[in-house]
Every structure is written in C-alpha cells, then in structure tokens.
Amino acid sequence: MRKYSVFAIAREALRGHKGWEAQWSSPEPKAEYDVIIVGAGGHGLATAYYLASQHGITNVAVLEKGWLGGGNTGRNTTIIRSNYLYDESAGIYDHAVKLWDGLSQELNYNVMYSARGVMMLAHNVNDKQSFQRHIHANRLNGIDNEWLTPEQAKEYCPPLNISTDARYPVIGAALQRRGGTARHDAVAWGYARGASARGVHIIQNCEVTGIRRAPGGAVTGVETSRGFIGARKVGVVAAGHTSVLMDMAGVRMPLESYPLQALVSEPVKPVFPCVVMSNTVHAYISQSDKGELVIGAGTDQYTSYSQTGGLHILNHTLDAICEMFPMFTRMKMLRSWGGIVDVTPDRSPILAKTPVQGLYVNCGWGTGGFKATPGSGHVFAHTIARDEPHPINAPFTLERFRTGRLIDEAAAAAVAH
Amino acid sequence: MLLIRCPYCEEERPELEFRNAGEAHVVRSADIAAESDEDFEKFFFIRANPKGITFERWRHVHGCARFFNAVRDTVSDKFFMTYKAGEPKPDLAKIMKSVPAAAPAASDDATEDKPKKPAARRAAAKKGDA
C-alpha cells in the first residue's frame with residue numbers, strides 16, 4: 001500500500017497521475033480462510049481491518065453480495081454521537097467516538113470526521129426531563145453532554161426557529177460537542193484499503209447462500225454464488241439481512257427488518273453549522289461538505305426488505321424541518337432512498353458468539369449503526385479472534401433476550417434512534 | 001404508501017388508517033407464569049422476519065379499530081390477502097396458486113433458491129406477457 005501524503009500528490013501531479021494504485025485488490029476466492037466476514041459494509045470491513053491489524057489474523061475474506069459499502073453504510077445520515085443513557089451503551093458508543101478521533105491518521109485515509117456537535121432538541125417537559133437525565137448519566141460516564149437554553153441553542157445553530165409560536169416550540173437542547181459527522185463512503189473505503197494492504201481478501205458480488213456445518217455442529221464454511229468457501233470462523237455482519245443469514249445456520253434471531261429513509265437537498269453554500277436532531281417531531285439534519293442538507297426520516301411501520309419506504313414518512317420529516325428551520329421551506333430536495341435496518345426489541349445491538357461453534361454475529365444496530373462503526377469492528381474482531389467478547393461488548397449478547405438482562409435504550413429514548 | 005384491504009370494512013384504505021401490529025400467529029401461552037425462559041423468549045422476542053412471504057397483524061385503528069391478519073411479500077411489499085382475526089393461517093401453496101404473478105420463492109426456501117430467484121421471476125413474467 002502506497003502511503004497518501006502531500007508528497008504523493010506532488011509526485012503524481014508531476015507524473016500525470018499515472019502512479020495511483022487501486023485502493024484494494026479484488027482477488028479470486030481461496031478454497032479456505034481462517035475467518036470469513038459476511039458483509040462488506042463499514043462494520044464488516046472494520047472487523048476485518050482490526051482482525052489483521054490488532055490480532056495478526058490476515059487469512060480473512062470479506063464476502064459481499066453487492067458492492068462494497070453499498071448497503072446501509074452508503075445510505076445513512078452519517079451522524080456520530082455517544083450520549084446514550086445506559087452504561088453499556090455509553091461504553092460501546094464512546095469507544096467508537098474515541099476511535100473516530102484519529103481514524104483518518106490511523107487509516108492514512110481522510111474519513112472527514114468533523115466534530116461539529118450534535119444538538120438534540122427538547123420540545124416538551126418530558127423531553128427536557130429525559131435529556132437532563134441523559135446529561136447527568138453521560139457525565140457520570142465521562143461523556144460530554146450539556147444543556148442549552150433556547151437562546152444558546154439558537155446561538156449554536158442560527159437557522160433554528162425558537163419562536164414560542166412554533167407548533168412544537170424549542171424549550172431547550174442537549175449538546176454533545178464531540179458528536180458530528182464523517183464521510184460514510186470514505187469509512188468503508190479506508191477500512192477496505194487498510195485491510196486489503198494487510199492481506200485480507202475483499203470479494204464483491206459474492207452472495208452467501210448457505211452456511212455449512214459439521215455433524216458436530218461447528219461451522220465449516222459458507223456456500224456462495226461463487227462456490228463453497230471453507231472457514232473455521234464465520235462472522236455475520238449483514239444488517240437488515242441478518243435474520244436471513246442466521247436462518248441458514250438454524251439460529252432464529254430477535255430481529256425485525258424495517259425500511260429507513262433519508263434524503264438530500266440540492267447543494268447550497270454553508271448554512272448549517274452542526275447536526276440537529278429532534279426525536280419528538282422526528283427530524284435529523286446536517287449539511288454535508290458538498291453542501292447538501294442531509295435529512296434522516298423515520299422507519300416505516302411494517303417489516304420489509306424492499307429498500308424503499310412510504311412517501312408520507314419523508315413528508316412528515318420535511319414538515320418538521322420546515323417548522324424548525326423556516327429558511328429551508330423553499331429548498332428543493334434532490335434524492336431520497338431507503339435502507340433496511342435490523343431492529344432488536346431493546347434497540348441495542350447484538351455483538352456476540354452464537355450457539356453455533358465458530359459462528360459470530362454483529363447485528364441489531366437498528367437506525368443508528370454508522371456512529372459505532374470503528375468501535376463495533378474493534379470489539380467484534382476481538383470476539384472472533386479470542387473466541388470471547390471484549391469487556392465492552394460482553395453485555396451485548398444474544399442470550400440477554402432469554403435472561404431478561406436487556407439494555408433498554410428503546411425505553412430510554414422513547415423513539416427509534 | 002400501502003393500500004390495505006380491511007376484511008371487516010371490506011374495502012381498500014390507505015396505510016395511514018392502519019397500525020402494523022407485528023408478526024401474526026404468535027400464540028401466547030395459556031399459563032404464561034409456568035412458561036420456561038426459552039419458550040417465553042420465542043414468544044416475546046424471536047421473530048421470523050422472512051425475506052419473502054410474511055404473515056402479519058394489522059389494526060384498522062382509524063376505521064373499525066379491529067385487528068386482522070395479512071399475507072404480504074416483504075420484497076415487493078405487495079399484499080396477497082387479508083383475513084379476519086381468529087381465522088386459520090392460510091396455506092402458502094394455495095395463496096401462490098390463487099395469485100399467478102406471485103413470486104415463486106417463499107421465506108422457507110429462500111436459502112436454497114436465492115440465486116435462482118431472479119431468473120425464475122423473469123420466466124414467470126414472460127409467461128404473463130404471452
């Protein structure tokens with residue numbers, strides 16, 4: 001792997017840009033690997049990268065049925081924050097935020113992590129009490145989160161409408177300054193480049209159609225659209241399709257897959273300095289470095305694998321955006337799309353061993369997995385390499401739905417998040 | 001937005017009048033206190049979440065307010081049928097026969113048939129055109 005630097009740019013400028021190499025190789029699949037990761041999204045590629053860089057396991061393949069980063073990694077609204085209520089969640093999401101800070105240097109790839117602050121608006125007394133509880137819980141866990149008055153919120157984000165005449169007036173906000181955004185595609189590409197340079201095989205257009213097990217039950221490999229590939233360990237990191245894949249190994253999951261939509265506006269000059277979320281009126285908005293407003297909508301109410309959702313869901317979000325930011329009422333929307341998110345009953349992820357020997361699963365990130373990408377890959381690689389969870393992901397078991405030891409961020413947030 | 005036929009009101013109405021109420025035919029134990037943790041987990045948390053034909057509950061909350069069941073393809077989001085609560089789970093094979101354009105692959109055989117599915121679908125579409 002050739003290092004990217006200012007000198008490399010100067011050298012290539014003089015050479016007519018003929019010396020740039022492919023960022024990752026596309027080898028033919030081998031007959032067998034030590035570890036197979038199913039799904040080349042951010043989480044899967046990060047897992048492969050940390051397996052190679054932290055645990056010295058380089059005989060790894062990442063199998064992807066479509067193209068790299070083409071699922072939810074390329075479809076989310078790129079929001080990064082760690083202000084979750086429970087200790088377990090705070091642990092895993094803040095682990096990720098710490099890794100985001102410095103990720104560009106580690107990968108030698110600009111993931112454009114921008115800690116521009118994530119502001120969550122409170123519109124009623126319940127919001128205010130809930131957010132202040134979050135703020136106190138966060139501070140006990142060493143996570144920055146602070147309460148802003150409407151005036152302070154307006155100062156932090158000038159386009160915000162804090163008029164008391166609004167349908168749902170802003171009565172305050174919680175601000176995590178370390179929160180922000182990153183360039184979603186670059187995260188997948190950067191991890192892919194880093195993993196590929198360490199010997200990991202990234203195999204696109206290779207759909208897993210079955211998981212083969214020995215008579216004793218242990219995993220022996222996967223059937224794919226390009227033939228059987230053997231492996232001692234298989235990590236499923238397939239987001240919305242996790243239920244389908246785990247079913248191949250006979251493991252039934254506490255998951256449901258829903259469409260989640262997002263949309264972007266026409267690009268405009270910088271107008272929006274931070275990320276603003278409102279759980280109550282259901283709107284998520286930030287501005288990308290390209291200039292588009294990036295807007296997240298809600299999930300549809302029914303399970304689906306269609307990667308598309310109802311127009312009324314987008315409409316509902318845009319109504320809220322226009323109410324909160326009247327300056328956007330005449331903005332034109334450019335594109336909208338949907339992704340399929342796998343939601344657990346407690347809205348917390350599952351990163352764990354499974355009842356099947358050699359089979360590991362990283363799923364259930366629901367509507368908010370992007371922010372966790374580096375942390376998720378880091379602890380999941382540990383889980384696969386050592387065959388035991390990292391202390392950070394130890395609570396995120398599959399068995400918690402039997403024992404009742406839930407990590408109930410669903411109740412904590414009262415909405416999808 | 002989906003158009004959903006309420007089997008009680010006997011007409012198609014927009015999705016906004018309805019609330020989805022999750023997987024259908026999940027039977028609650030008569031003696032829930034005596035149920036093992038494993039069985040309770042299956043009843044309460046584990047879901048089929050099929051890619052293909054799903055059986056689900058809906059409630060016509062802004063209409064007759066009654067619960068009913070539906071059969072839907074989660075890939076195309078098309079409904080095959082809706083039926084009243086308490087009626088037995090329809091036979092999948094019969095549904096397929098009654099809807100000629102229906103996708104041939106159901107959730108149960110999605111694992112084996114996946115690579116063949118698109119080809120089979122195209123073939124079915126051609127027949128329909130002829």
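Please read these numbers as outputs of a predicted model, since none were measured by experiment.

### As for the domain arrangement of chain A
All names here are of chain A.
Consideration 1: What the domain assignment lists for chain A is domain 1 (26-78 + 184-254 + 346-403) and domain 2 (115-179 + 256-343).
Consideration 2: Distance between the C-alpha centres of domain 1 and domain 2: 30 Å.
Consideration 3: Residue-level contacts link 16 residues of domain 1 with 17 residues of domain 2.
Consideration 4: Each partner contributes to the roughly 1300 Å² buried at the junction of domain 1 and domain 2, and carbon and sulfur atoms together form 53% of this total.
Consideration 5: Of all residues in domain 1, Arg75, Thr77 and Gly240 give up the largest surface area on contact with domain 2, accounting jointly for 41% of the area buried on that side.
Consideration 6: For the pair domain 1 and domain 2, the interface holds zero salt bridges.
Consideration 7: Applying the counting criterion to the domain 1 and domain 2 interface returns seven residue pairs in polar contact (both at pLDDT 80 or more).

### Quick look at the interface of chain A and chain B
Consideration 1: Contacts between chain A and chain B engage 28 residues on the former and 27 residues on the latter.
Consideration 2: Both faces combined, the contact of chain A with chain B buries some 2600 Å², and carbon together with sulfur accounts for 52% of it.
Consideration 3: When the buried area of chain A at its contact with chain B is split by residue, A:Gln301, A:Tyr302 and A:Arg402 rank highest and sum to 26% of it.
Consideration 4: With its nearest N and O atoms 3.2 Å apart, the salt bridge here joins A:Arg402 to B:Glu41.
Consideration 5: Run the count over chain A and chain B and you get 14 residue pairs in polar contact (both at pLDDT 80 or more).
Consideration 6: The biggest single contributor to the side of chain A that touches chain B is helix α8 (residues 242-248) of chain A, with three residues.
Consideration 7: Grouping the constituent residues of the side of chain A that touches chain B by class yields twelve nonpolar, ten polar and six charged.

### Concerning helix α3 (residues 87-100) of chain A
Because the α-helix completes a turn every 3.6 residues, residues three or four places apart line up on one side.
All names here are of chain A.
Consideration 1: End to end, α3 covers 20 Å across 14 residues, agreeing with the expected 20 Å (1.5 Å per residue, within 8%).
Consideration 2: Most of α3 sits out of view: ten of its 14 residues are buried.
Consideration 3: Among all positions in α3, only Ser89, Ala90, Ile92, Tyr93, Asp94, His95, Ala96, Val97, Leu99 and Trp100 are buried.
Consideration 4: Note on α3: the residue one or two positions beyond its end, Gly102, has a positive phi of about 110 degrees.

Conventions used here
Each chain has its residues counted from 1, running along the sequence as written. Starting at A for chains and at 1 for ligands, labels are handed out in the order in which the entities are written. At least 70 in pLDDT is required for a residue's local features to be given in this predicted model, at least 80 for side-chain atom pairs to be given and counted, and no such filter applies to totals for whole chains, interfaces and linings, which use all residues. Note that the side-chain values use all heavy atoms of the structure and ignore hydrogens as well as water. Note that the domain bounds reflect an automated or database-derived domain assignment. Here a residue-residue contact requires only that any non-hydrogen atoms of the pair lie within 4.5 Å. The buried area of a pairing is the accessible area, by a 1.4 Å probe, that goes missing from both parts when the two are put together, added over both. Any carboxyl oxygen of Asp or Glu that lies within 4 Å of a side-chain nitrogen of Lys or Arg is treated as forming a salt bridge with it. Two N or O atoms form a polar contact when they lie within 3.5 Å of each other; inside protein one atom must be a possible hydrogen donor and the other a possible acceptor, and for residues adjacent in sequence the pair counts only when both atoms belong to side chains. Helix and strand definitions follow DSSP, with helices as H or I runs of at least four residues and strands as E runs of at least two, each counted in order from the N terminus. Throughout, the ten residues Ala, Val, Leu, Ile, Met, Phe, Trp, Tyr, Cys and Pro are labelled nonpolar, Asp, Glu, Lys and Arg are labelled charged, and all others, Gly among them, are labelled polar. Multiplying one less than the number of residues by 1.5 Å gives the expected span of a helix. Accessibility here uses a 1.4 Å probe with only protein chains present; expressed as a share of the type maximum, an area under 20% marks a residue as buried, one over 50% as exposed, and anything in between as partly exposed.

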